[in-house]
Amino acid sequence: MVVESRFETHEYDVVVIGAGGAGLRAAIEASAQGARTALVCKSLLGKAHTVMAEGGIAAALRNVWQEDSWEVHFRDTMRGGKLLNNWRMAQIHAQEAPDRVLELEEWGALFDRTKEGLILQRDFGGHRYARLAHVGDRTGLEMIRTLQQHAVHKGIDVYMECNVQKLLKDGERISGAIGYWRESGKFVLFRAKAVVLATGGILKMYQITSNSWECTGDGVSMALDAGADLIDMEMVQFHPTGMIWPPSVRGILVTEGVRGDGGTLKNSEGRRFMFDYIPEFFKAETAETEEEADAWYDDKTKRRTPDLLPRDEVARAINAEVKAGRGSPHGGVYLDIASRRDPEYIRRRLPSMYQQFMELADVDITKTPMEVGPTAHYQMGGVRVEADTTATTVLGLFAAGEVAAGMHGANRLGGNSLSDLVVFGRRAGLYAAQYALEQGEMPAVDDAELEAATTAMLAPFEGDGNENPYTIHADLETCMQNLVGIIRTESELVQALDELATLKARLGQVTVQGNRQYNPGWHLALDLHHMLAVAESITRSAIERKESRGGHTRDDFPATDATFGKVNVVTRRTDDGMAVCQEPLPEIPDELKAIIEEKS
Amino acid sequence: MATHHGADSGGQVTMRIWRGDASGGTFEEYQTPAAEGMVVLDVVHQIQATQAPDLAVRWNCKAGRCGSCSAEVNGKPRLMCMTRMNHYAPGETITIAPLKTFPPIKDLVTNVSFNYEKAKQVPAFKPGPKEADGTRRMYQEDVDRVQEFHKCIECFLCQNVCHVIRDHEDNKPAFAGPRLFVRLAALEMHPLDTNDRVELLKQKAGLGYCNITKCCTDVCPESIKITDNAIIPLKERVVTEYHDPVVWLIRKLTGNGRAKSDE
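Residues numbered from 1 in each chain as written. Chains lettered and ligands numbered in written order. Predicted model: local features only at pLDDT ≥ 70, side-chain atom pairs only at ≥ 80, totals over all residues.

Glancing now at the overall build of chain B. Within chain B one finds 10 helices and seven strands. Of all 263 residues assigned to chain B, the portion counted as buried reaches 46%. Contacts in chain B between residues far apart in sequence, at least 24 positions, make up 64% of those at least 6 positions apart. (Helix = DSSP H or I, 4+ residues; strand = E, 2+ residues; numbered from the N terminus. Buried ≥ 20, exposed ≤ 12 C-beta atoms within 10 Å, placed from the backbone. Contact = placed C-beta atoms within 7 Å.)

Pasting the structure below:
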């Protein structure tokens, strides 16, 4: 009881951390199961990174192509992920995505319509059929708002601008979490029978990144610290088409929908270079000539344009063109829809893109090609979960959405993230509630653990060094961008580990100015501990995987290696930090193997 | 938008930022190097990183999608991430203040909980029965106008600029504000919805307070025609529901039969 008088304390069956698509869906489900549920988020409700998703939500609804099915969606997902996916997650995802999309409609979402009045679906990279339910190019906003407004009436307690910093355990099982209110800087303790991590992305440690300040890897780092396994941390997705000019727009994405709707990639010679980069793996289903590719837009039984190869392929191709001296003036390539579609069509299909370029870059995309380049975007790796239940390797801790790993393997297909959020968000809420309701008394909170956590959180105020957290963050971004970027090599990765160790030492020298009230410098100093832990895990995993596959490209091991295709790289906490090792992937059942191997 | 290039490259930017909390505050002046293509939020971040590490500011997407970085820039409510520095004359001092309508927390961060409380009062979406084949059919032309309302990013600039609450704190309990009218219009015009919110509109949401000055429409970064497309049709609906004897009779007899005055 000493504990409880020291902090603002709340008790719940289920605490969901993170209020993007996965967190909201998990909270809705946990609450529907009768669990007393809290939803804790770092920003205001409805501002999570899910709002940034543009293109759509992938589901084999078969509204546009009757030929589509969960099997084809499963096959596309596995092949896009270079078969490193957890097959069971990919199967559940493909099977349940249509129900989750229809559920959003039932809750008020308004997707674009077919002529028959059903949900319209659009083409996207790596998806064999037009499969993405969408709302223009602001599908994520539609999804988060629908979930947010649905959740408001479900009796869920929402804690906004509340930043969780540490998971707490009672022996082997989870017992809650502690964090601070951003507004006051005061601590808040959540005692809980189950915790769902839905903390999203982690790539704020890269210089050119689409991720917001929130994507600091705190969920992944807290899970590791609590003893959970991480897998596939080397698998970082670089979105091929981010804005690159002027400098202030770096990180803002150009939706893949531009290519789905007819845009093509061109180099400085005006050539559609993607035809030069069709890998053997996708040859059978990819068009070989411009004529054949253009015919596909009207007749989807034709082979697809290579502009829509999976993101890892396109990002590497752009990187190679720029390196070969065929890039645009600001170090990217051109994405041209202006010469291929009429202005009215472009403005109707891609209103946000039109506005974004007009306002931020003085470029009219109905008249001029866009300059684009690869941008750190999505982390395929993360917390290891059980496919059906989303349970992590820590009892009572569940994870869903970008923080969890396995679903996307070595590379995520566009449109598979929003569907991942709702499919596994729902499952996380369901199984977390089931687990919580089976528990007896509230698990205990360890006073010493709390004491250590609060002391650590206040440490940046007590320091006497003269380091600035913003400078350390900028140096971390430079390190990761240059040494653990899109193309990697052993010597640079080892150098990165050294630099990360130096940054960690410098972080100990940070002294925060000001008080605890809404102090971003303090918040960043705390976030940096998570970012550094996650950066180290990515780097160690990248060293371990001595091959190239999906989001992980090694200059010194450029080929795909079948032995590495059978393993996950796992990160685990050790007494003095973390260690990585290889563990076998779950074996794919024969009937699913047959689906994957089927020629298109 | 006037476009200048002087403030865009080379040189220094001078910015006055309100620093303070609920107990009061003042504008403090900062100078920082300008770079090409900068938006106001870039400058604020640069000042934060180099001179004022505890400067409080909300932001997330930096792309005009999340509606977090609302502030009053030279007196005009704007998203800082979508306001380019070349919008201002070279050498012009730029003044950033927090949203005036909401209580200050610290620096540029205000307490916007008013909006979330009002949102809780909105009766949920309630669809009618499905089609015989188990589907939901809606046609693009029927969803177009509702999709306009769904573009709202909840930046609350419209709430901030609405003089019903900007200048009259005491109106807040009885007035939901333009953001919520857009939300209510989206629900009322949703082709599938069957819930009735007319009573709420007339009573607790205080639709009658709005006298159509269109200040909200002017500041909407998503260019939603809040007044013309949301508020005025809602006002017509309230009038029809309450004063049309035919509608009154249908309502009595069927239990719903809402008037769809503008369909």
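More follows now that the structure is in view.
Along chain A, the regular secondary structure elements total 17 helices and 18 strands. Taken against the 2.2 N^0.38 rule, which gives 25 Å for 600 residues, the C-alpha radius of gyration of chain A at 23 Å falls within 12% of a compact globule. With the C-alpha coordinates aligned to their principal axes, the bounding extent of chain A is approximately 75 × 50 × 50 Å. Per-residue burial over chain A gives 62% buried out of 600 residues. (Rg over C-alpha atoms; globule rule 2.2 N^0.38 Å.)

This part is about the interface of chain B and chain A. Contacts between the two partners involve 45 residues from chain B and, on the opposite side, 43 residues from chain A. Secondary-structure elements contributing two or more residues to the side of chain B that touches chain A are helix 1 (40–50), strand 6 (104–106), helix 2 (113–120) and helix 3 (140–150) of chain B. Here the element with the most residues in the side of chain B that touches chain A is helix 3 of chain B; it accounts for five residues. Residue composition of the side of chain B that touches chain A, by class: 25 nonpolar, nine polar and 11 charged. (Nonpolar A, V, L, I, M, F, W, Y, C, P; charged D, E, K, R; others polar.)

Bringing the domain arrangement of chain A into the picture now. All names here are of chain A. Domains assigned within chain A are domain 1 (2–236 + 377–438), domain 2 (238–375) and domain 3 (447–583). Computed over C-alpha atoms, the centres of domain 1 and domain 2 are 29 Å apart. Domain 1 puts 22 residues into the contact, and the matching count from domain 2 is 23 residues. In terms of residue class, the side of domain 1 that touches domain 2 is built from seven nonpolar, 10 polar and five charged. (Domains from an automatic or database assignment.)

What follows concerns the domain arrangement of chain B. Interface size, as often reported, equals the accessible area lost upon joining of the parts. Parsing chain B into structural domains produces domain 1 (6–110) and domain 2 (113–254). At the interface, 12 residues of domain 1 of chain B touch 13 residues of domain 2 of chain B.

This next bit is on the pairing of strand 18 (residues 577–584) of chain A. Of the strand pairs in this sheet, strand 17 (residues 567–574) of chain A and strand 18 of chain A are connected by eight bridges, and their pairing is antiparallel. Considered in strand 18 of chain A, the bridge of A:Val569 is made with A:Gln582. (Pairing = 2+ DSSP bridges.)

With 260 residues, the main nonpolar core has A:Val14, A:Val16, A:Val196 and A:Ala432 as its most contacted residues. Excluding anything up to four places from it in sequence, A:Val196 contacts A:Val14, A:Val16, A:Ile17, A:Ala26, A:Phe398, A:Ala400, A:Ala428, A:Gly429 and A:Ala432. (Core = buried A, V, L, I, M, F, W, Y, C linked by C-beta atoms within 7 Å.)

For the rest of this paragraph, the subject is the environment of A:Ser31. Tracing the sequence through the fold places A:Ser31 in helix 2 (residues 21–32). A C-alpha to C-alpha distance of 31 Å links A:Ser31 and A:His377, two positions 346 residues apart in sequence.

Residues and elements named next belong to chain A. Pairing is antiparallel in the open sheet, where four strands are placed in the order 11-14-13-12. Each edge of the sheet is formed by a strand with only one pairing partner; in this case those strands are strand 11 (236–243) and strand 12 (264–266). The mean inter-strand angle of the sheet, taken between neighbouring strand axes irrespective of direction, is 45 degrees. Where strand 11 lies against strand 14 (residues 370–379), six bridges are found, and the strand directions are antiparallel. Each residue of the ladder has a partner; that of phenylalanine 238, found in strand 14, is alanine 376. Packed on one face of the sheet, helix 9 (residues 311–323) meets strand 11, strand 13 (333–336) and strand 14 and runs near 60 degrees to strand 11. (Axes fitted to C-alpha atoms, helices over the stretch in contact; angles between N-to-C directions.)

For the rest of this paragraph, the subject is the pairing of strand 2 (residues 24–33) of chain B. Of all 10 residues in strand 2 of chain B, one are buried, a share of ten percent or less. The antiparallel pairing of strand 1 (residues 12–21) of chain B with strand 2 of chain B creates a hairpin that spans two residues between the two strands.

This brings us to the packing of helix 15 (residues 490–507) of chain A against helix 16 (residues 520–544) of chain A. Residue and element names in this part refer to chain A. Two numbers describe how helix 15 lies on helix 16: the axes approach to 10 Å, and their chain directions differ by 160 degrees. Judged by the inter-axis angle, helix 15 sits roughly antiparallel to helix 16. Note on packing geometry: the crossing formed by helix 15 with helix 16 is left-handed. Contact residues: helix 15 offers Glu490, Leu493, Val494, Ala496, Leu497, Leu500, Leu503, Lys504 and Leu507, while helix 16 offers Leu528, His529, Leu532, Ala535, Glu536, Thr539, Ala542 and Ile543. Residue composition of the contact of helix 15 with helix 16, grouped by class: 12 nonpolar, two polar and three charged. (Parallel < 35°, antiparallel > 145°, perpendicular 65-115°, else oblique. Left-handed = near helix turned anticlockwise from the far one by under 90°.)

Residues and elements named next belong to chain A. Taken together, the four strands give an open sheet; going across it, the order is 15-10-17-18, and neighbouring strands pair in antiparallel fashion. Of all the strands in the sheet, just strand 15 (382–383) and strand 18 have a single pairing partner and so form its edges. Here two bridges tie strand 10 (residues 230–231) to strand 17, and the two strands are oriented antiparallel to one another. Bridging across to strand 17, leucine 230 finds its partner in threonine 571. Strands strand 10, strand 17 and strand 18 of the sheet are contacted by helix 16, whose axis makes an angle of about 40 degrees with strand 18.

On to helix 6 (residues 218–225) of chain A, then. The α-helix advances 3.6 residues per turn, and as a result positions three or four apart in sequence lie on the same side. All names here are of chain A. Counting buried residues in helix 6 gives seven out of eight residues, a clear majority hidden from the surface. The set of residues buried in helix 6 consists of Asp218, Gly219, Val220, Ser221, Met222, Ala223 and Leu224. Just past helix 6, the residue glycine 227 takes up positive phi, approximately 100 degrees.

Attention now moves to the environment of B:Thr194. All names here are of chain B. Mapping threonine 194 onto the fold places it in the loop between helix 6 (178–188) and helix 7 (198–202). Take threonine 194: there are 12 C-beta atoms within 10 Å of it, and that puts it in the exposed class. Spatially, the C-alpha atom of threonine 194 lies 15 Å from that of glutamate 131, the residues being 63 residues apart in sequence.

A few words now on the packing of helix 2 of chain A against helix 5 (residues 139–151) of chain A. Residues and elements named next belong to chain A. It is at 10 Å that the axes of helix 2 and helix 5 come closest, and there the two elements cross at 25 degrees. Taken together, the axes of helix 2 and helix 5 are roughly parallel relative to one another. As helix 2 runs across helix 5, the sense of the crossing is left-handed. For the pair helix 2 and helix 5, the contacting residues are Gly21, Leu24, Arg25, Ala27 and Ile28 in the first and Met143, Ile144, Leu147, Gln148, His150 and Ala151 in the second. A class-by-class count of the residues in the contact of helix 2 with helix 5 yields seven nonpolar, three polar and one charged.

Excluding glycine, residues mostly carry a negative phi; peptide bonds, for their part, are mostly trans. Geometrically, the link from A:Trp245 to A:Pro246 is a cis peptide bond, its omega value of -5 degrees lying close to zero. Along the chain, A:Pro246 turns up in the loop between strand 11 and helix 7 (257–260). Even without a glycine there, the phi angle at A:Tyr518 is positive, about 30 degrees. For A:Tyr518, the position within the fold is in the loop between helix 15 and helix 16. Exposure remark for A:Tyr518: the 25 C-beta atoms within 10 Å place this residue in the buried category. Residues other than glycine seldom take positive phi values, yet B:Phe156 does so here, at roughly 65 degrees. Note on placement: B:Phe156 falls in the loop between helix 3 and helix 4 (157–161). Judged by the 25 C-beta atoms lying within 10 Å of it, B:Phe156 is buried.

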